[in-house]
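# Close look at the chain arrangement
Chain residues, written in single-letter form:
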Amino acid sequence: MTDVVVEARGVIKNFGTLHVLKGIDLTIRRGEVTCIIGPSGSGKSTFLRCINQLESLDGGYIIVAGEPVGVKLKNGRVEAQSNVESARSRENIGMVFQSFNLFPHMTVLENICEAPIRVKKENRAIVRKRALTLLDRVGLVSKAQTYPAALSGGQQQRVAIARALAMEPRLMLFDEPTSALDPELVGEVLDVMRGLADAGMTMVVVTHEMGFAREVGDHLIFMDEGLVIEHGNPRTVLNSPAHDRTKQFLAKVL
Amino acid sequence: MSATTNESSSDVASGDGIDRTLLLGRPHRRHGLQWLTAGIVLFVIFMVAYSLVTNPRFEWDVVFGWFASERLFSGLIRTLELTAISMVVGILVGIILALARLAPNFVIAGVASFFVWFFRGVPVFVQLLFWGFIAAIYPRISLGIPFGPEFFSVDANVLITPFLAAILGLGLNEGAYMSEIVRAGLLSVNRGQTEAAKALGMRRLTILWRIVLPQAMKVIIPPTGNQTISMLKTTSLVSVLAFPELLYSAQLVYSANFKTIPLLIAASLWYLLVTSVLSLGQYYIERHYNRGSGKQQKKSILTRFMTKARSQTLTPGEQP
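Predicted, not measured: the structure shown is a model, and the values here were computed from it. (Residues numbered from 1 in each chain as written. Chains lettered and ligands numbered in written order. Predicted model: local features only at pLDDT ≥ 70, side-chain atom pairs only at ≥ 80, totals over all residues. Heavy atoms only, no water.)

The subject of this paragraph is the overall build of chain B. A tally of regular secondary structure across chain B gives 14 helices and two strands. Split into buried and exposed, the 320 residues of chain B put 31% on the buried side. Considering only residue pairs separated by 6 or more positions, chain B has 69% of its internal contacts joining residues 24 or more positions apart. Split by element, the accessible area of chain B, about 20800 Å² in all, is 67% carbon and sulfur. (Helix = DSSP H or I, 4+ residues; strand = E, 2+ residues; numbered from the N terminus. Buried < 20%, exposed > 50% of the residue type's maximum accessible area, 1.4 Å probe, protein only. Contact = heavy atoms within 4.5 Å. Areas by Shrake-Rupley, 256 points an atom, 1.4 Å probe, with all protein chains shown as cover.)

Below is the structure:
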């Protein structure tokens, strides 16, 4: 069981009276790329945000790398984590957002170095070297001293990926990483993600890019109205979906 | 109908009487009215300047005699001290109040809102008087266990000097206004910034200090600069506490020599000089906090005037 990175069981999330997640079960093993597709409002982004506690759970549990998310077991009871404990558990989970969310007042290099230096208290020179290696990997070494506003959307997203990788996470979450990009910039971001998958990173990707899901994904999950409707090999799900709702969704997007 | 693929300016076959070749030229601008208004304004300025120079009651020799005097200068130093300390107190109180008002604990948020309501609602002049007369309300100020023994007790008139009364009055009042400015700044930062920082494992204080506050500064700095300039002038109210800042120093002089107007002018010139320097400082601080936004700082009137003058000496079509 040691190679299970994410174990989610019966995950429930409500926003007031709105039931966003109605019991999600999911297991993700080390090195796997899991793509989540589904119509907007299906709860796929919310589920992703539950994994690193940007949303709290209203039911069920998630275990990431052997640690329960948001809670701790103490004297045979479940207790909520403190803010500091929550922050510590997020260190192992990288996240990439639809809207990049780079820090606009810092250069590209500062964006990448900030968390390793401030959170992990790592040596500046070592972090800087690692940051430049990561920038090289996403093809943006020449932009190290640039501010995010001067970069294209695709470049910003590649920096955001490098920033998340700088914390050396065990798991990477991608929340519609290419949805805010102009069509001609999608490819460069997907290439970086493909390289990351090839390098063996465990990834959960909420996406509308069916091509990426088909070629890179090990698993494809179709969610609708807060439930996992279909789960399987990407080719199988995309080519011959078993459920009517999956068929209807794919007919619209493919 | 033939397709209009071969459009050109000479194609005036539409018969609407509009000469396309003329439309291609840039419109001719008329400056007559601008010259007229500028002339009238310049004439008014000349008249004012003329009266300033020729009216003997301004007593310019007295103004400049006292302007650089030791007494006004020491008053100016006290005004600057008051301004700086009150602003520091105001900013600190403002940050604490802003954070308190955004706190999830509604008792804390409520108390902070009450503080702001009270200190914004009572005129600062009245607040200064209250602090000045604090001994009438609390003759002795003590430190100890509530309803228990006292460790330390002091006469309020000894502890709350006019200087401290001024700092308390100005600083707490300023804190109420600064809290609104800081709160607006904190709220102006995109939620995604906090989420991205959280996702990187950053602690709450680090997020506030490294991510949110620096971005909020862009919104906080300009009004804070205005508040500082405003504070410099508000310190003149402290003259009512008989604290010899700039205005009260001038008043002390003219109450002895009856040169009221020249001394008020001398004090005003100092206020003008310092506010000008502060405005310049604000420009550079704003430029610092705008880095990374890709936005050009708005040019000052002087720079705009110079650029325009230069571009007008170039021949049309040439790029400056």
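Our next topic: the nonpolar core. In terms of nonpolar packing, the biggest core is built from 64 residues, with A:F47, A:I62, A:V64, A:L171, A:L173 and B:V238 touching the most fellow members. Here A:F47 is in contact with A:A8, A:V11, A:L21, A:I24, A:L26, A:I36 and A:I62, once residues within four sequence places are set aside. Counting residues in hydrophobic clusters, the runner-up holds 51 residues, among them A:L134, A:V159, A:A162 and A:M172. (Core = buried A, V, L, I, M, F, W, Y, C linked by side-chain atoms within 4.5 Å.)

Another point: the UniProt feature "domain: ABC transmembrane type-1" (unreviewed entry) in chain B. Per the UniProt record, "domain: ABC transmembrane type-1" (unreviewed entry) is found at residues 76-282 of chain B. The span residues 76-282 of chain B is 78% helix and 5% strand, and its two end C-alpha atoms sit 20 Å from each other. (UniProt positions renumbered as here; feature names shortened; annotations may be inferred.)

Our next topic: the UniProt feature "transmembrane region" (unreviewed entry) in chain B. UniProt records the feature "transmembrane region" (unreviewed entry) at residues 33-53, 73-99, 106-139, 151-173, 236-254 and 260-285 of chain B, using the numbering of this structure. In residues 260-285 of chain B, the share of helix is 100% and the share of strand is 0%. The end C-alpha atoms are 38 Å apart.

Turning to the interface of chain B and chain A, a few remarks are in order. Taken together, the contact between chain B and chain A spans 21 residues of the former and 27 residues of the latter. Taken over both partners, the interface formed by chain B and chain A buries close to 2100 Å², and the fraction arising from carbon and sulfur atoms is 58%. Summed over the shared surface of chain B and chain A, the result is three salt bridges. Residues A:R49 and B:E195 are paired through a salt bridge, measuring 2.5 Å at the closest nitrogen-oxygen approach. Applying the counting criterion to the chain B and chain A interface returns six residue pairs in polar contact (both at pLDDT 80 or more). Of all the secondary structure elements, the ones that give two or more residues to the side of chain B that touches chain A are helix 10 (191-199) and helix 11 (204-234) of chain B. Counting residues per element, the side of chain B that touches chain A draws most heavily on helix 10 of chain B, which supplies eight residues. Residue composition of the side of chain B that touches chain A, by class: seven nonpolar, seven polar and seven charged. (Buried area = accessible area lost by both parts, 1.4 Å probe. Salt bridge = Lys/Arg side-chain N within 4 Å of Asp/Glu carboxyl O. Polar contact = N/O pair within 3.5 Å; in protein donor to acceptor, adjacent residues only side chain to side chain. Nonpolar A, V, L, I, M, F, W, Y, C, P; charged D, E, K, R; others polar.)

Residues and elements named next belong to chain B. Following both chains from N to C, one finds helix 4 (residues 70-101) and helix 12 (residues 246-257) inclined at 155°, their axes separated by 7 Å at the closest point. Taken together, the axis directions place helix 4 and helix 12 in an arrangement best described as roughly antiparallel. Every pair of crossing elements has a handedness; the one defined by helix 4 and helix 12 is right-handed. Contacts between helix 4 and helix 12 pair R71, L72, G75, L76 and T79 from the former with L246, S249, A250, L252 and V253 from the latter. (Axes fitted to C-alpha atoms, helices over the stretch in contact; angles between N-to-C directions. Parallel < 35°, antiparallel > 145°, perpendicular 65-115°, else oblique. Left-handed = near helix turned anticlockwise from the far one by under 90°.)

For the rest of this paragraph, the subject is the layout of surface pockets. The space that makes up the largest pocket amounts to roughly 750 Å³. Among the secondary structure elements, those contributing two or more residues to the lining of the largest pocket are helix 4, helix 9 (162-188), helix 10 and helix 11 of chain B. A total of five residues in the lining of the largest pocket trace back to one element, the largest contributor, which is helix 11 of chain B. For the lining of the largest pocket, the class distribution of residues is 13 nonpolar, two polar and five charged. There is about 550 Å³ of room inside the second largest pocket. Among the elements of the structure, helix 3 (108-118) and helix 4 (124-137) of chain A together with helix 11 and helix 13 (260-289) of chain B are those that each provide at least two residues to the lining of the second largest pocket. (1 Å grid on protein atoms, 1.4 Å probe; cavity = no way out; pocket = protein on both sides within 12 Å on 5 of 7 lines; lining within 4 Å. Points joined across faces, edges and corners; volume = space filled by probe spheres on them.)

Let us now look at empty space enclosed by the protein. Scanning the entire structure with this criterion turns up one cavity of 30 Å³ or more. Taken as a whole, the largest cavity holds about 30 Å³ of empty space. Lining the largest cavity we find A:M95, A:F97, A:A160, A:R163, A:A164, B:A196 and B:L200. With three residues, the top contributor of residues to the lining of the largest cavity is helix 5 (residues 153-165) of chain A. Residue composition of the lining of the largest cavity, grouped by class: six nonpolar, no polar and one charged.

All names here are of chain A. Helix length check: helix 6 (residues 183-198) (16 residues) gives 24 Å between terminal C-alpha atoms against 22 Å at 1.5 Å per residue, within 8%. Taken as a whole, helix 6 has its buried residues at L185, V186, V189, L190, V192, M193, L196 and A197. Projected onto a plane normal to the axis of helix 6, the buried residues spread over an arc of 155° and lie on a single side. More than 90 degrees from the buried face of helix 6, the exposed residues found are E184 and D198. (Expected span 1.5 Å × (residues − 1). Arc of directions from axis to C-beta.)

This paragraph deals with the side chain of A:T178. Residue and element names in this part refer to chain A. Looking at the secondary structure, you find T178 in the loop between strand 9 (171-175) and helix 6. According to the relative accessible area criterion, T178 is buried, its value standing at 6%. In this view, T178 contacts V186, V189, L190 and E209; residues no more than four positions away in its chain are not counted.

Residues and elements named next belong to chain B. Two strands pair when backbone bridges link them, and strand 1 (residues 140-144) and strand 2 (residues 150-155) are joined in this way by five bridges, in the antiparallel orientation. Across the sheet, residue R140 finds its bridge partner in strand 2, namely D155. The antiparallel pairing of strand 1 with strand 2 creates a hairpin that spans five residues between the two strands, and F147 there sits at a positive phi of about 60°. (Pairing = 2+ DSSP bridges.)

Glancing now at the packing of aromatic side chains. The way to describe two aromatic rings as a pair is by their centre distance and the angle between their planes. According to the stated counting rule, one finds twelve aromatic pairs over all chains in the structure shown. Residues A:F222 and A:F249 carry aromatic rings whose centres are separated by 5.2 Å and whose planes lie at 40° to one another, so their mutual orientation is tilted. Residue A:F222 is found in strand 11 (residues 219-224), and its partner A:F249 is found in helix 9 (residues 244-253); the two are separated by 27 residues along the sequence. Clustering of aromatic rings is evident, with ring pairs tying together B:F58, B:W60, B:F64, B:F67, B:F73 and B:W270. In this structure, A:R163 is placed above the aromatic ring of A:F103, and the distance from its NZ or CZ to the ring centre is 4.5 Å. (Phe/Tyr/Trp six-rings, centres within 6.5 Å; stacked < 30°, edge-to-face > 60°. Lys NZ or Arg CZ within 6 Å of the ring centre and 35° of its normal.)

The next thing to look at is the domain arrangement of chain B. Split by domain assignment, chain B resolves into domain 1 (23-54) and domain 2 (62-141 + 150-290). Here the C-alpha centroids of domain 1 of chain B and domain 2 of chain B sit 41 Å apart. (Domains from an automatic or database assignment.)

Here the focus is unusual backbone geometry. All names here are of chain A. Notably, N75 is not glycine yet its phi reads approximately 50°, a positive angle. Within the secondary structure layout, N75 lies in the loop between strand 6 (71-74) and strand 7 (77-80). Classification of N75 as exposed rests on a relative accessible area of 75%.

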